[in-house]
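So the chains spell out like this:
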Amino acid sequence: MRAAFSDALVAAAEADKRVLLLTGDHGYALFDAFRRECPEQYINCGIAEQNMVGVAAGLAKAGFRPLVYGLAAFVPIRVLEQIKIDVCYEGLPVGFIGDGAGVVYSHLGASHQSTEDIAALRPLPGISIYSPADRHELTACMRHMLQGQAPAYLRMGKADMGDVHAAPLDGQNITAPLLLGEAGGPLLLVATGSGTRIAQHVVAMLGQGDILSVPCIKPFDPAPLKAAALGRQLVAVIEEHSVVGGLGSLVAETLVGTYTGDFLRIGMGERFSERCGSHAYLLSEHGLAADAVAARLRGLLAGAPA
Amino acid sequence: MDPKINPLLRPFSATDIRKAILDMAYSGGTVHIACAFSIVELLAVLYRKHLRVAADNPDHPERDYMVLSKGHGVMAQYACLHHLGWLPDADLRDYFKDGTRLKGLADAHVPGVEVTSGSLGHGLSVGVGLALAAQRRSTEQKCYALVGDGELNEGAVWEAALFAAQFCLDNLIVIIDKNGFQAMGSTDEVIALGDIAAKFAAFGFDVIEVDGHDEAAIDHGFRVLGARTDGRPKAMVARTVKGKGVSFMEHNNLWHYTRLSPEIYERAVGEVIAV
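The rules behind each value
Sequence order as written defines residue numbering, which begins from 1 separately in each chain. Naming scheme: in the order in which they are written, chains are lettered from A and ligands are numbered from 1. Owing to the predicted nature of the model, reporting of local features is limited to residues with pLDDT of at least 70; listing and counting of side-chain atom pairs is limited to 80 or more, with chain, interface and lining totals taken over all residues. Working from all heavy atoms in the structure, the side-chain values ignore hydrogens and water. UniProt positions are given in the numbering used here, feature names are shortened, and annotations may be inferred rather than shown by experiment. Helix numbering and strand numbering both begin at the N terminus, where a helix is a DSSP run of H or I of at least 4 residues and a strand a DSSP run of E of at least 2. Based on C-alpha atoms, the radius of gyration is set beside the globule rule, defined as 2.2 Å times the residue count to the power 0.38. Classification of residues uses two cut-offs on accessible area relative to the type maximum, computed with a 1.4 Å probe and protein chains only: under 20% is buried, over 50% is exposed, and between them is partly exposed. Two residues form a contact once any of their heavy atoms are found within 4.5 Å. Each accessible area value is a Shrake-Rupley result obtained with a 1.4 Å probe; residue values ignore everything except the protein chains displayed when judging cover. His is not counted, nor are the chain ends, whereas Lys and Arg count as positive and Asp and Glu as negative. Charge positions are represented by NZ for Lys, CZ for Arg, CG for Asp and CD for Glu. The term nonpolar core refers to a set of buried residues drawn from Ala, Val, Leu, Ile, Met, Phe, Trp, Tyr and Cys, joined through side-chain atoms within 4.5 Å. Either an automatic procedure or a domain database provided the assignment from which the domain bounds are taken. When a carboxyl oxygen of Asp or Glu is within 4 Å of a side-chain nitrogen of Lys or Arg, the pair counts as a salt bridge. Using a 1.4 Å probe, buried area is obtained as the accessible area two parts lose upon being combined, added over both of them. Any N or O atom pair separated by 3.5 Å or less is treated as a polar contact, with the protein-specific requirement of one donor-capable and one acceptor-capable atom, and with residues adjacent in sequence counted only for side-chain atom pairs. At least two DSSP bridges between two strands are needed for those strands to be called paired. The span one expects for a helix is its residue count, reduced by one, times 1.5 Å. Buriedness for pockets is judged along seven lines, at least five of which must meet protein on both sides within 12 Å for an open set on the 1 Å grid over protein atoms alone, while cavities are sets there where a 1.4 Å probe fits but cannot get out, and lining residues have an atom within 4 Å of a point. Grid points are joined across faces, edges and corners, and a volume is the space filled by probe spheres set on the points. Classification used: nonpolar for Ala, Val, Leu, Ile, Met, Phe, Trp, Tyr, Cys and Pro, charged for Asp, Glu, Lys and Arg, polar for all others including Gly. Every axis in this analysis is a line fitted to C-alpha atoms, fitted for helices over the stretch in contact. Angles between the N-to-C directions lie between 0 and 180 degrees. Orientation categories follow fixed angle ranges, with anything under 35 degrees roughly parallel, anything over 145 roughly antiparallel, 65 to 115 roughly perpendicular, and all other angles oblique. Here a crossing is called left-handed whenever its near helix is offset anticlockwise from the far helix by less than a right angle, and right-handed whenever the offset is clockwise.

Under an unreviewed UniProt entry, the name given to chain B is Transketolase, and the organism recorded is Sphingosinicella soli. Recorded in UniProt for chain B, the comment headed Cofactor (unreviewed entry) runs: "thiamine diphosphate".

You'll find chain A entered in an unreviewed UniProt entry as Transketolase, with Sphingosinicella soli given as the organism.

Caption draft 1: Region of interest: the overall build of chain A. Broken down by element type, chain A carries eleven helices and twelve strands. On C-alpha atoms alone, chain A measures out to a radius of gyration of 19 Å, which is about the 19 Å that the 2.2 N^0.38 rule sets for 306 residues. Structurally, chain A occupies a C-alpha span of about 60 × 40 × 35 Å along its principal axes. A burial count over chain A gives 59% of its 306 residues as buried. Of all intrachain contacts in chain A linking residues separated by at least 6 positions in sequence, the fraction that spans at least 24 positions is 74%. Carbon and sulfur atoms make up 54% of the accessible area of chain A, which amounts to about 11,600 Å² in all. Of the side-chain charges in chain A, 23 are positive and 30 negative, and the distance between the mean point of each set is 2 Å.

Caption draft 2: Examining the nonpolar core more closely. Of all hydrophobic cores here, the largest spans 77 residues; its most connected members are Leu22 and Val190 of chain A together with Phe200 of chain B. Structurally, this core is a two-domain feature, drawing no fewer than three residues from each of domain 1 (2-156) and domain 2 (178-301) of chain A. What leucine 22 of chain A contacts, discounting residues up to four positions off in sequence, is Ile43, Cys45, Met52, Val55, Ala56, Leu59, Pro66, Leu67, Val68 and Tyr69 of chain A. Judged by nonpolar contacts, the second largest core, of 60 residues, contains Val74, Leu81, Ala106 and Tyr265 of chain B.

Caption draft 3: Seen up close, unusual backbone geometry. Cis geometry marks the peptide bond from valine 75 of chain A to proline 76 of chain A; its omega dihedral reads 25°. Across the junction of lysine 218 of chain A and proline 219 of chain A, the peptide omega takes the value 0°, indicating a cis bond. Although it is not a glycine, asparagine 6 of chain B sits at a positive phi angle of roughly 45°. Structurally, asparagine 6 of chain B is set in the loop between strand S1 (4-5) and helix H1 (14-28). Unlike most non-glycine residues, cysteine 168 of chain B shows phi in positive territory, near 55°. As for its position among the elements, cysteine 168 of chain B is in the loop between helix H7 (155-166) and strand S5 (172-178). When its relative accessible area of 40% is taken as the criterion, cysteine 168 of chain B is described as partly exposed.

Caption draft 4: Quick peek at the pattern of salt bridges. Throughout the structure, instances matching the rule amount to 28 salt bridges over all chains. Here arginine 232 of chain B and aspartate 230 of chain B are joined by a salt bridge, their closest N and O atoms 3.0 Å apart. What emerges from the salt-bridge pattern is a single network uniting Lys61 and Glu90 of chain A together with Arg63 and Glu114 of chain B.

Caption draft 5: Quick peek at the interface of chain B and chain A. Taken together, the contact pairs 23 residues of chain B with 25 residues of chain A. Summed over both partners, the interface of chain B with chain A comes to about 2,000 Å²; 57% of that surface belongs to carbon and sulfur atoms. When the buried surface of chain B facing chain A is broken down by residue, His122, Arg136 and Glu159 of chain B rank first, second and third, together holding 29% of it. Across the contact surface, chain B and chain A share one salt bridge. Among the salt bridges present, the one from glutamate 114 of chain B reaches lysine 61 of chain A, with a minimum N-O distance of 3.7 Å. Looking at the side of chain B that touches chain A, the elements with two or more residues in it are helix H6 (123-137) and H7 of chain B.

Caption draft 6: Quick peek at the side chain of glutamate 285 of chain A. Residues and elements named next belong to chain A. Looking at the secondary structure, you find glutamate 285 in helix H10 (residues 279-285). A distance of 3.3 Å separates the side chain of glutamate 285 from the backbone nitrogen of glutamate 274, its partner in a polar contact. With near-sequence residues (within four places) excluded, glutamate 285 lies in contact with Arg271, Phe272, Ser273, Glu274 and Arg275.

Caption draft 7: Examining the UniProt feature "domain: Transketolase-like pyrimidine-binding" (unreviewed entry) in chain A more closely. According to UniProt, the positions carrying the feature "domain: Transketolase-like pyrimidine-binding" (unreviewed entry) are residues 1-164 of chain A. Overall, residues 1-164 of chain A shows 37% helix and 16% strand. The separation of its end C-alpha atoms is 11 Å.

Caption draft 8: Seen up close, the pairing of strand S9 (residues 234-239) of chain B. All names here are of chain B. Of all six residues in S9, five are buried; the element is thus mostly enclosed. With six bridges joining them, S5 and S9 adopt parallel strand pairing. Counterpart to lysine 178 in the pairing with S9 is arginine 239.

Caption draft 9: Representation of the UniProt feature "domain: Transketolase N-terminal" (unreviewed entry) in chain B. In the numbering used here, UniProt assigns the feature "domain: Transketolase N-terminal" (unreviewed entry) to residues 17-253 of chain B. Structurally, residues 17-253 of chain B is divided into 39% helix and 15% strand, and its ends, taken at the C-alpha atoms, are 20 Å apart.

Caption draft 10: Structural context of helix H10 (residues 215-227) of chain B. An ideal rise of 1.5 Å per residue puts 18 Å on 13 residues; H10 of chain B measures up with 18 Å between its terminal C-alpha atoms. Its side-chain oxygen placed 3.1 Å from the backbone nitrogen of alanine 216 of chain B, aspartate 214 of chain B serves as the N-cap of H10 of chain B.

Caption draft 11: Region of the structure containing the layout of surface pockets. If you add up the space inside the largest pocket, you get close to 270 Å³. Along the wall of the largest pocket there are 21 residues; nearest its centre are Lys61 of chain A together with Asp59, Arg63, Tyr65 and Glu114 of chain B. With three residues, H6 of chain B is the largest single contributor of residues to the lining of the largest pocket. Split into classes, the residues belonging to the lining of the largest pocket amount to ten nonpolar, four polar and seven charged. As a volume, the second largest pocket reaches approximately 230 Å³.

Caption draft 12: Structural context of the packing of helix H3 (residues 40-49) of chain B against H10 of chain B. Residue and element names in this part refer to chain B. Two elements in contact, H3 and H10, have axes separated by 9 Å at closest approach and are oriented at 55°. Considering the angle they form, H3 stands oblique to H10. Where H3 crosses over H10, the two elements pack in a sense that is right-handed. The residues of H10 that touch H3, namely those facing Glu41, Leu42, Val45, Leu46, Arg48 and Lys49, are Glu215, Ile218, Asp219, Phe222 and Arg223. Partitioning the contact of H3 with H10 into residue classes produces five nonpolar, no polar and six charged.

Caption draft 13: Seen up close, the domain arrangement of chain A. Residues and elements named next belong to chain A. Structurally, chain A comprises domain 1 (2-156) and domain 2 (178-301). The interface of domain 1 with domain 2 comprises 29 residues on the first partner and 30 residues on the second. Counting the surface lost from both domain 1 and domain 2, the interface buries some 2,100 Å², and carbon and sulfur atoms represent 55% of this. The shortest N-O distance in the salt bridge between glutamate 253 and arginine 122 comes to 2.6 Å. Counting the contacts that link domain 1 with domain 2 gives 19 residue pairs in polar contact (both at pLDDT 80 or more). Going through the elements one at a time, helix H5 (117-121), strand S5 (128-130) and helix H6 (135-147) are the ones with two or more residues in the side of domain 1 that touches domain 2. Taken together, the residues of the side of domain 1 that touches domain 2 break down into 16 nonpolar, eight polar and five charged.

Okay, structure coming up:
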């Protein structure tokens, strides 16, 4: 996914000289190609994220297309007010890229983990929120973001979980959830980012279940989700994010009043990561390991209480 | 129409601005009078003699930028924008009436207001971005950013200062309204700032100090700073008086918060127009 991100950045900057990449002194190897191909469009703003977002707003007001890169724990969380006032209030075309979202920095602890970024941004008027699951979704999200003229946030989570789509999403509408596989059966999984790859493992373990992948949290076309949920016994949401305010909340808000089956949100609960370890370890600590999710869903499908 | 200085050639005085502030504050029943009074001469000189703007287009892409980072003084800016012809009489007359557009803090949706501020520590960074954009395009545009001394408590101001020096933004002129007060008391009592000019100099700025109510000194200061192109960002530390122009408001922080009664309004107007 990171190679696709670098490729998309370079292509965007080469196609449009107004594109500027701002970084808060992050992205060491990630920007090698960009710095080689487009050195004039690369601005290291130092370890000063608040100023970086204000500078991006000023550049955008004057006609540039800034892309602001940081770790998701800092961009958007540390600079939420700058995003709200300096960028969103004026509807400026600034793209934010939050890398390492979720618990990717599994050994570094709470300061570098971000399981609240989607929830923090969703209420801001006019901002788009992307959360790609693989390189194909990322490429489509970058294209959609750069075609827009509005604030946007692209959430990059664990990059090496593998493809969930077999081919590029050329021409597909990513503001609607993408159905993986055939529709039907009692179980629907709705997932975003790394959650989509987890959902695929869960479906393989259960031998059933359809998946809706959601690369674009906002704007969000609700119709495909409502249609896909109709008649299901269980809708479960999987995301490497808090169960409060993220995709789980979006799905609940969308389905309330039309869907009457069981509903489960699987993600981070009311706690930080107490211990450290591999990314897989932390996912399992938070109840997101595929086998644990599968066991939970199997019980629910068999009629156990949620 | 290309940007130029004072395109409508309308004369207006600091007294006109103070009178407009009192009228707005009185009809709107609002506060922040003293914060507006301390920047009157700074804005009057800028809008009359230095800012290049297009009369028919506040968003002209080649304009000079006037960033009011201390948004609490916005009534002074509204009065200037009124003289530029961008705000009609009704906007000022109906200040704070239901459904009107002029808010109590600077708001970028208002023609001629570059940033939404009042949440402090935002504007200078946006101004740095505007100055960087002009530098990248090799235009002659300048960016003036007016910050309060209380606002210097915000860490983001110093992030912006470091960045401006690193990127050699000599088209950026930061104006510090050193009136010595912030919301809850004097700056010395709250968070002492020490020598502001020395601090900006230490951050790599070309710094001058002026009497912020002496129009000739302000004008001269902007000319001196504007003529220097040595790669250093500029700072004008303006010694000002919070509440300047009305004897019982000067150095009296109550007028950060106090509303005008009819009697007080009449007394204040009397003092302002007697100048």
